[in-house]
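Here is how the chains run, residue by residue.
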Amino acid sequence: MKDLTEEERLKGAPKHERHFYSTSRAFGRFGIRIFEPQVMGRPHWHGHIEANFALHHTMRYDVDNETLVVPPGRLAIFWAGIPHRLTEVTPTGDQPPRLANIYLPLDAFLMMNHIMALQVAMLGGGMILLPETLCDEALMRRWYADYRSGDFERTEIMKMELNALFRRAFLTAPEYLRLPRNDAAGERALSSAHIRHVIAMVRLVLENLDKPLKNAEITAVTGLHENYALSLFTRVMQTPLKQFVLRMRLMRARALLVESALAIASVAEASGFTSISQFYHQFKAAYGASPNEVRTQYLG
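Presented here is an overview of the structure given in this document. Please read these numbers as outputs of a predicted model, since none were measured by experiment.

What counts and how
- Residues numbered from 1 in each chain as written.
- Predicted model: local features only at pLDDT ≥ 70, side-chain atom pairs only at ≥ 80, totals over all residues.
- Heavy atoms only, no water.
- Salt bridge = Lys/Arg side-chain N within 4 Å of Asp/Glu carboxyl O.
- Helix = DSSP H or I, 4+ residues; strand = E, 2+ residues; numbered from the N terminus.
- Buried < 20%, exposed > 50% of the residue type's maximum accessible area, 1.4 Å probe, protein only.
- Phe/Tyr/Trp six-rings, centres within 6.5 Å; stacked < 30°, edge-to-face > 60°.
- Lys NZ or Arg CZ within 6 Å of the ring centre and 35° of its normal.
- Pairing = 2+ DSSP bridges.
- Contact = heavy atoms within 4.5 Å.
- Axes fitted to C-alpha atoms, helices over the stretch in contact; angles between N-to-C directions.
- Parallel < 35°, antiparallel > 145°, perpendicular 65-115°, else oblique.
- Left-handed = near helix turned anticlockwise from the far one by under 90°.
- Nonpolar A, V, L, I, M, F, W, Y, C, P; charged D, E, K, R; others polar.

1. Let's talk about the pattern of salt bridges
Part 1 of the reasoning: Applying the stated criterion to the full structure yields nine salt bridges.
Part 2 of the reasoning: Arg-74 is paired through a salt bridge with Glu-175; the nearest N and O atoms lie 2.7 Å apart. With Arg-74 in the loop between β4 (66-70) and β5 (75-79) and Glu-175 in strand β9 (residues 175-178), the pair connects residues that are 101 residues apart, well separated along the chain.
Part 3 of the reasoning: With relative accessibility at 15%, the residue Arg-74 sits in the buried group.
Part 4 of the reasoning: With a relative accessible area of 41%, Glu-175 lands in the partly exposed category.
Part 5 of the reasoning: Between Glu-137 and Arg-141 there is a salt bridge, with the nearest N and O atoms lying 2.9 Å from each other. You can see Glu-137 and its partner Arg-141 sitting in helix α5 (residues 137-149), four residues apart, about one turn around the helix.
Part 6 of the reasoning: In this structure Glu-137 comes out as partly exposed when scored by relative accessible area, which is 30%.
Part 7 of the reasoning: Counted as one network, the salt bridges with shared partners bring together Asp-64, Glu-66 and Arg-178.

What follows is the structure in structure tokens.
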């Protein structure tokens, strides 16, 4: 089967989002789709927590050179920043195989409340299989309908339900298809404590985007040496802290442009840009369109 190119994979996104996200695999947009599963010719990776729900088939995955089998009717959750490849689809009934995928941007996942254990497990490379009692085909199709409706309120409720689902998953011992690789042996292993430090830095950034942010102020939340904390952030998030802050500011600005009536100068200020000319330059470079053009495209 033909493996999708980056351009094809982003084809469904608005033009300015395709431009923005095609430049980096570190982050992505939220989305749900139900489609015919395709065997992939090569591994890929992207900046989402991905949830897969196999309808009427089992899936064989290669995750960082480890073979895993995802059964039908169970929601499997993993960090797609780890190279992964769907290698085999085996039908389990008379109905054609379909795959429901949820793509949750990593930064949004790390800001969810009361799921630190799951956040650490995901960034540590774990893959969790949820019980059938927590998520079934009817729920997946309802979420898909909510997402496709284009209704902001329905989408926000769906995200809250996702957060609640993740919390329920850890009320009992989770079932792992792949154990987290943190706390493993070896000098390059990432511990749970390392990942918690990175999550603390991400949260500080996202809670203070409208303020000036210096590396030293962000890394101070960890109690680690600044250079070590910066290196740790880059290793886990696959992008330097400075670039992460800029991309989060741009994502905040885009959200304000399309979801509010704020003047563009106020959008720039609320997103942490101290210069309107700098804001215009960075926004155009990232999205391939000016703030005015993006707002006009959305309203159109």
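Now that the structure has been shown, we can carry on.
2. Structural notes on the packing of aromatic side chains
Part 1 of the reasoning: Counting across every chain of the model gives eight aromatic pairs.
Part 2 of the reasoning: An angle of 80° between the planes, with centres 5.9 Å apart, marks the rings of Phe-109 and Phe-166 as edge-to-face. Here Phe-109, found in helix α3 (residues 106-110), pairs with Phe-166, found in helix α6 (residues 152-169); they are 57 residues apart in sequence, far enough to count as distant.
Part 3 of the reasoning: Phe-109 gets classed as buried once you look at its relative accessible area, which sits at 0%.
Part 4 of the reasoning: According to the relative accessible area criterion, Phe-166 is buried, its value standing at 3%.
Part 5 of the reasoning: For the ring pair Phe-283 and Tyr-287, a centre distance of 4.6 Å and an interplane angle of 40° mean the geometry is tilted. Here the residue Phe-283 and the residue Tyr-287 both occupy positions in helix α12 (residues 276-287), the gap between them amounting to four residues, near one helical turn. You'll find Phe-283 and Tyr-287 in the same group, each marked buried.
Part 6 of the reasoning: Taken together, Phe-273, Phe-279, Tyr-280, Phe-283 and Tyr-287 form an aromatic cluster joined through their ring pairs.
Part 7 of the reasoning: Its guanidinium or amino end placed over the ring of Phe-35, Arg-33 lies 3.7 Å from that ring's centre, counting from NZ or CZ.

3. Here we look at the pairing of strand β3 (residues 57-63)
Part 1 of the reasoning: Burial analysis of β3 places five of its seven residues in the buried class, the great majority of the element.
Part 2 of the reasoning: Sheet analysis places β3 next to strand β6 (residues 84-91), joined by seven bridges and oriented antiparallel. For Val-63, the partnering residue across the bridge sits in β6 and is His-84.
Part 3 of the reasoning: Sheet topology note: the β3/β4 ladder contains five bridges and is antiparallel. Looking at β4, one finds that Val-63 is bridged to Glu-66.
Part 4 of the reasoning: Counting the residues in the hairpin turn of β3 and β4 gives two residues, including Asp-64, whose phi is positive at 50°.

4. Looking at the environment of Leu-257
Part 1 of the reasoning: Relative to the helices and strands, Leu-257 is located in helix α10 (residues 241-259).
Part 2 of the reasoning: On the basis of relative accessible area, Leu-257 is assigned to the buried category, the value being 2%.
Part 3 of the reasoning: Placed eleven residues apart in sequence, Leu-257 and Ala-268 show a C-alpha to C-alpha distance of 9.6 Å.
Part 4 of the reasoning: Leave out the neighbours within four places in its chain, and Leu-257 touches Ile-264, Val-267, Phe-283, Pro-291 and Arg-295.

5. Quick look at the packing of α10 against helix α13 (residues 291-299)
Part 1 of the reasoning: Where α10 meets α13, the axes come as close as 9 Å, and the angle between the chain directions of the two elements is 50°. With respect to α13, the element α10 is oriented oblique. In this structure, α10 meets α13 at a crossing whose hand is right-handed. When α10 is examined against α13, the residues Arg-254, Leu-256, Leu-257 and Val-258 are found in contact with a partner set consisting of Pro-291, Val-294, Arg-295 and Tyr-298.
Part 2 of the reasoning: Along the lines of polarity and charge, the residues of the contact of α10 with α13 split into six nonpolar, no polar and two charged.

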